[in-house]
Every structure is written in structure tokens, then in C-alpha cells.
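If you want the building blocks of each chain, they are given just below.
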Amino acid sequence: MTAAIAAPAYDAIVIGSGIGGLVTATQLAAKGAKVLVLERYLIPGGSAGWFERQGYRFDVGASMIFGFGDRGTTNLLTRALADVGQALETIPDPVQIHYHLPNQLDLKVHRDYEAFLQELIAQFPQEAEGIRRFYDECWQVFNCLNAMPLLSLEEPKYLFNVFLQHPLACLGLVKYLPQNVGDIARRYIRNPDLLKFIDMECYCWSVVPATMTPMINAGMVFSDRHYGGINYPKGGVGRIAEKLVAGLEAKGSSIRYKARVTRILTEKGRAIGVELADGEKLYAKRIISNATRWNTFGELLPPQQEPAQEQRWQQRYRQSPSFLSLHLGVKADLLPAGTECHHILLENWDELEVEQGTIFVSIPTLLDPSLAPPDRHIIHTFTPSWLGEWDNLSPSEYRDRKAAAAAKLIQRLEAIFPGLSSAIDYQEVGTPRTHRRFLGRQNGTYGPIPRRKLAGLLGMPFNRTAIPGLYCVGDSTFPGQGLNAVAFSGYACGHRVAADLGLV
Ligand SMILES: NC(=O)c1ccc[n+]([C@@H]2O[C@H](COP(=O)([O-])OP(=O)(O)OC[C@H]3O[C@@H](n4cnc5c(N)ncnc54)[C@H](O)[C@@H]3O)[C@@H](O)[C@H]2O)c1
Ligand SMILES: CC(C)=CCC/C(C)=C/C=C/C(C)=C/C=C/C(C)=C/C=C/C=C(C)/C=C/C=C(C)/C=C/C=C(\C)CCC=C(C)C
């Protein structure tokens, strides 16, 4: 055992094969490192995973995919695949979201920026100038990001070079890092209904309203949807993880499934390896956790080893709710021609943030019919829900509550898809318990959200932790939730670890 510790078999072990973990692993493998990814489940992808039932291929979670553009530097999924010799065919989505909001506010976020602005201005003509100035300011953030290579902000050599080469873009980002969307929106916009719409524009990916949503992230989301666009991977979201795994293996590294890490091993305070559920111990020069911070520091390390930084982080951020998911297979003639792939439904503004308030809908078969049997569509619906609503129930209470929640969602969805209840061919309900069980995420959480208004992204930790040799990657690191966001986290983590291993 001492020999194994003295000469670890791997340069890096990555705990978890979410997109954050896989991008880190492939970046390291591409730089010549020997990496082992350990995944507790049967397939890779985590929240970007999939499952198959009766000829349907359902996405587990992520479905509105940023980062597949073909230009600039922010197309991190395209780049991560290319860096390990892989590519994916994607299908452009002409409308990011069709909103169905209170007071008959019905509008579409077109891929074309000007078409979106015109549609929004038609609803709020008195705010024409404010609308344009607000969304144009988001572009300033995006243009700064999209001008530079995106790597680890913890690597001084990179920061120095990027500042020399792109000084104005760097200063632009420094300006926006501590800011939130709500303050900027309020500089330009007065109409309360329009401000509520901006809250929804943020809530639907950050799970908090605009006042608490970092401006850097909004700059990415509100601009890239019109630049690189929203693009759906042909064959389903799961193909991203499958291709990253193929690239990882082609570079001589490996992944093991059904390999649940139960403990991070330390020696003299330094992370040196991991222990699996069956007792096997594996050692590496660096350990990277793609499990959430709550899992990493609350479960994989003894409580007395929890660093003070982590306690301070938990005073700033808390767990967001999880989701109630309804996976439906429906008869194709339910949906009229021209139906959009993604919808958001809310009937009453007071319910924007309440449990099972806002409804998200994704119909990926409108872009890729191969995911369902002939003459069928997938309608994947999800709405925020807390584990507490689903825990401590008997099996029959749990089953009944799922059935009642599904019936309520279907009844609400009839407003946008009349006839839905009689067009259902297949139905499956996932709850926060399902997300906890299959993704291993504490309470099934979607990720961290600020406890109160914070200074933009300044409070989000990067990849290094207070434990030498241990790094975190994924949505509980800078810049937070989202596949393109965790892909950035993976790039940054891979770069920082490679620098520590002397590979760059
Ligand atoms: N775009 C969308 O529509 C959408 C929807 C939902 C989620 N998402 C995003 O997906 C992102 C998730 O990415 P991520 O990389 O941070 O994490 P992840 O949760 O997707 O992946 C973590 C992986 O680690 C594995 N794991 C956890 N603990 C483990 C252990 N002890 N041993 C071995 N394996 C373990 C899990 O099984 C999982 O596969 C989130 O940021 C979320 O925002 C996007
Ligand atoms: C040197 C000096 C002086 C300075 C320096 C500065 C700098 C350089 C800085 C930098 C920074 C950076 C790089 C940053 C970065 C950032 C990033 C990348 C970000 C990203 C982001 C992204 C995001 C946020 C995304 C998200 C998304 C999402 C979450 C989505 C989701 C969705 C959902 C859930 C929904 C669905 C819906 C329906 C279905 C309708």
C-alpha cells in the first residue's frame, strides 16, 4: 500500500461523470495525463444523462443547450469535444423559449436578436429604449468573454497573458463580476410587468430572480442564445457525455461505472486517493470531485476536515430546490405545425418562485424525431419542488402524490396543449427523490443559489479547495449551473490541475 501511495497509478481521479467532470477529465487526458473517472451510476452524464422506455429516449434534465456554437470562444461544448477528436451533429432551435405568462404576456425569444427585441417592444412600446439598452449591455459582457480563451482564473500566468492580449475585455469583466442583473435592468426599465418578465428570464435558468442573478451569467445566456444559438444534439443530450467518454478513452484514459466513491483518502491533510463502496482504494496525484460541495465536504470527508472556507461558502449559498419531472410520450397530432421546442408557463406572478409554480416544457422530438417512435412526441415537463414535499411517505402515499402532481401539471398544460390528457401514450414521473437517487445530489438539488443578494459572481469558489490535492468542479464552482457553465468549470479545473502537474 505504501508503494501505491508513493507512486500513484493515476495523475488524476475524477469523482463523477457529469459534464463538469468529463470536461475536466478530457482536458487533462488531451494534455497527456492519465485520468480515471469513477461514476456511481451505469452511464455517464449526470444531469445530462438519459433513459429509455418503450421506444422513447428521454433526457434526464438538461435540454436547452448553450455552448454548441461554431465561432468565438464561448462555444465550450463544441470545443471540449473537438479537443479530444470528437464532434456532434446539432440541430438549431429557431426559438429559445415560448413564454406563456400572466396578463396574456405571450412572447417568443427568437434566435434572431432583432426579431426578439421587436416582439418584446411590441408588448412594451413605452420601454423600447430601455429594452434595447438593457439587452445591449448584456452583449457587452458576452463580447468580453467571447474575445478571449476561457481558462483558469486561478492560474496567474494565464491571467497575465490574457490581460496583456485583451486588456479592455478583462477590465469589462472585472467591472461586471460583482454586479447582478436586477440592478442593471432597473437602470433602464420602469414598467413593473417588464421587470417581472426580466425576473422570469433569469429565474428559468438561475432559479432566483434578477436581483440575485449574476450579470456575467446573464451576459452569457441572454446573448449566446442569439450568437451561437440553442442547438440540440442529434440523438439526445446523452450523446454529449457518450462522445466525451469516447474521446477520453481514445486519449488512453478510462472511466469505471458502478464505482461509488464513499471516502476521499487524505494523508497529512493532503488528498491522495479515494475509497469505493466495495472497499477498493485507488490513488492519484490529484483528486477532483464533480459531486456537489455539500456531498464532497459533507459526505466524502470526515466532518472535522471541513475547511472554514466551506463553512463560509455555505453561509453565502444554499441548496436550490430540486425538480418534479413529468416525462410524457404523446400522439404527434396533438402538436400543431410550428409549435416551439421549449415553453415556460406561469399563470400568476405571485407564484414565480413557489414550489410547483413555474412550469418548464421541452419537446425535443420537434427537433429530433428519432427520439420517439413514429407519430409520437416527447413532452418533458418540470417544475421546482423540494425534497421535503416527497420524503417520509409510505410507498402508497408516494405513488398517490406523484399521480396527483402529474394530473395537476397535465391539467395546467392543457392551456397550451389543448387535448393533452387524451393524447398520452406513456407517462413517467420523477421527483426530488429520483434526482437524489440517480444523481447522488443532496436533496436532489439543482445547485447552489445565493442566500441573499451577493456581489454577483465574486462569492463563487474556483476549483482549488483548502485541502491540498483536492479540487471541485461542476455547478457548485464558478460560474454555477448550466451545461456551458460547468463546461467552463471543467476547462478551468483541467487547466489548473495540468499546471499543478507540470503539464502546461
Ligand atoms: N440546460 C438545462 O436544461 C439543464 C437542466 C438541468 C440541469 N442542467 C445542468 O446540468 C449541470 C450538472 O453538471 P455537473 O457536472 O455539475 O454535475 P452532475 O450532477 O450532472 O454530475 C455529477 C455526477 O457525479 C456522479 N457522482 C456523484 N457522487 C458520486 C460519488 N460519490 N462517486 C461516484 N460518482 C458520483 C453522479 O452520479 C453524476 O453522474 C447543472 O449545472 C445543471 O445546471 C441543465
Ligand atoms: C486579469 C484581470 C485584471 C481580470 C480578469 C477578469 C477575467 C478574465 C474574468 C473572466 C471571467 C470569466 C471567464 C467568466 C466566465 C463565465 C462563464 C463561462 C459563464 C457561463 C455561464 C453560463 C450559464 C449561466 C448558462 C446557464 C444555462 C442554464 C442554467 C440553462 C438552464 C435551463 C433550464 C433549466 C431551463 C429549461 C427551460 C425550458 C425547458 C423552457
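Remember, predicted model here, so these are calculated numbers, not experimental data.

1. Some remarks on the site of ligand 2
Working step 1: The environment of ligand 2 is made up of 29 residues, and the closest members are M64, L145, C204, H343 and Y446.
Working step 2: Summarising the interface, the protein chains cover 91% of the accessible area of ligand 2, which totals 1100 Å² for the free molecule.
Working step 3: Of all elements in the fold, only α6 (156-165), α7 (167-176), α9 (192-206), α10 (215-227), β15 (342-345), β16 (359-362) and α16 (483-500) reach the threshold of two or more residues within the shell around ligand 2.
Working step 4: Top contributing element to the shell around ligand 2 by residue count: α10, with four residues.
Working step 5: Considered class by class, the residues forming the shell around ligand 2 number 24 nonpolar, five polar and no charged.

2. What to know about the confidence of the model for the protein
Working step 1: For the protein, the average pLDDT comes to 97, and 99% of its residues sit at 70 or higher.
Working step 2: Complex prediction metrics read pTM 0.96 and ipTM 0.87.

3. Section: the pattern of salt bridges
For side chains of opposite charge, pairing can occur when their charged atoms come near one another.
Working step 1: Under the criterion given, the structure shown has 22 salt bridges.
Working step 2: One salt bridge connects R187 with E137, and the closest N-O pair in it is separated by 3.9 Å. With a gap of 50 residues between them, R187 in helix α8 (residues 181-188) and E137 in helix α5 (residues 128-145) connect regions that are remote in the sequence.
Working step 3: A relative accessible area of 6% means that E137 is categorised as buried.
Working step 4: Via salt bridges that share partners, E52, R57, R239 and E242 belong to a single interconnected network.

4. A word on the domain arrangement of the protein
Working step 1: Segmentation of the protein into domains returns domain 1 (2-52 + 66-88 + 233-316 + 455-500), domain 2 (114-229) and domain 3 (321-442).
Working step 2: In this assembly, nine residues from domain 2 lie in contact with nine residues from domain 3.
Working step 3: On the domain 2 side of the interface with domain 3, the three residues burying the most area are K196, M200 and Y203, jointly 60% of the side's total.
Working step 4: Joining domain 2 to domain 3, the criterion identifies zero salt bridges.
Working step 5: At the surface where domain 2 touches domain 3, the tally comes to zero residue pairs in polar contact (both at pLDDT 80 or more).
Working step 6: Across the side of domain 2 that touches domain 3, the residue classes tally to six nonpolar, no polar and three charged.

5. Some thoughts on helix α4 (residues 113-123)
Working step 1: Within the span of α4, buried status applies to Y113, F116, L117, L120 and I121. The arc that holds every buried residue of α4, seen down its axis, measures 130 degrees, which confines them to one face.
Working step 2: Elements that come into contact with the buried residues of α4 comprise β7 (105-110), α5, α9 and α10.
Working step 3: With a side-chain oxygen lying 3.4 Å from the backbone nitrogen of E114, the N-terminal cap of α4 falls on D112.

6. What to know about the packing of α8 against α9
Working step 1: The geometry of α8 relative to α9 is characterised by a closest axis approach of 11 Å and an angle of 150 degrees between their N-to-C directions. Taken together, the axes of α8 and α9 lie roughly antiparallel to each other. Where α8 crosses over α9, the two elements pack in a sense that is right-handed. Residues V181, A185 and R186 of α8 form the contact with α9, whose own contacting residues are L195, I198 and C202.

7. Remarks on the side chain of T465
Working step 1: Inspection of the secondary structure puts T465 in the loop between β19 (448-450) and β20 (470-472).
Working step 2: Engagement of the side chain of T465 in a polar contact is seen with the backbone nitrogen of I467, the distance being 3.1 Å.
Working step 3: In this structure the side chain of T465 is engaged in a polar contact, spanning 2.7 Å, whose partner is the backbone oxygen of L470.
Working step 4: Other than its neighbours up to four places away in sequence, T465 contacts R293, F297, L470, Y471 and C472.

Thresholds, definitions, all that
Residues numbered from 1 in each chain as written. Chains lettered and ligands numbered in written order. Predicted model: local features only at pLDDT ≥ 70, side-chain atom pairs only at ≥ 80, totals over all residues. Heavy atoms only, no water. Near = heavy atom within 4 Å. Areas by Shrake-Rupley, 256 points an atom, 1.4 Å probe, with all protein chains shown as cover. Helix = DSSP H or I, 4+ residues; strand = E, 2+ residues; numbered from the N terminus. Nonpolar A, V, L, I, M, F, W, Y, C, P; charged D, E, K, R; others polar. pLDDT = per-residue confidence, 0-100. Salt bridge = Lys/Arg side-chain N within 4 Å of Asp/Glu carboxyl O. Buried < 20%, exposed > 50% of the residue type's maximum accessible area, 1.4 Å probe, protein only. Domains from an automatic or database assignment. Contact = heavy atoms within 4.5 Å. Buried area = accessible area lost by both parts, 1.4 Å probe. Polar contact = N/O pair within 3.5 Å; in protein donor to acceptor, adjacent residues only side chain to side chain. Arc of directions from axis to C-beta. Axes fitted to C-alpha atoms, helices over the stretch in contact; angles between N-to-C directions. Parallel < 35°, antiparallel > 145°, perpendicular 65-115°, else oblique. Left-handed = near helix turned anticlockwise from the far one by under 90°.

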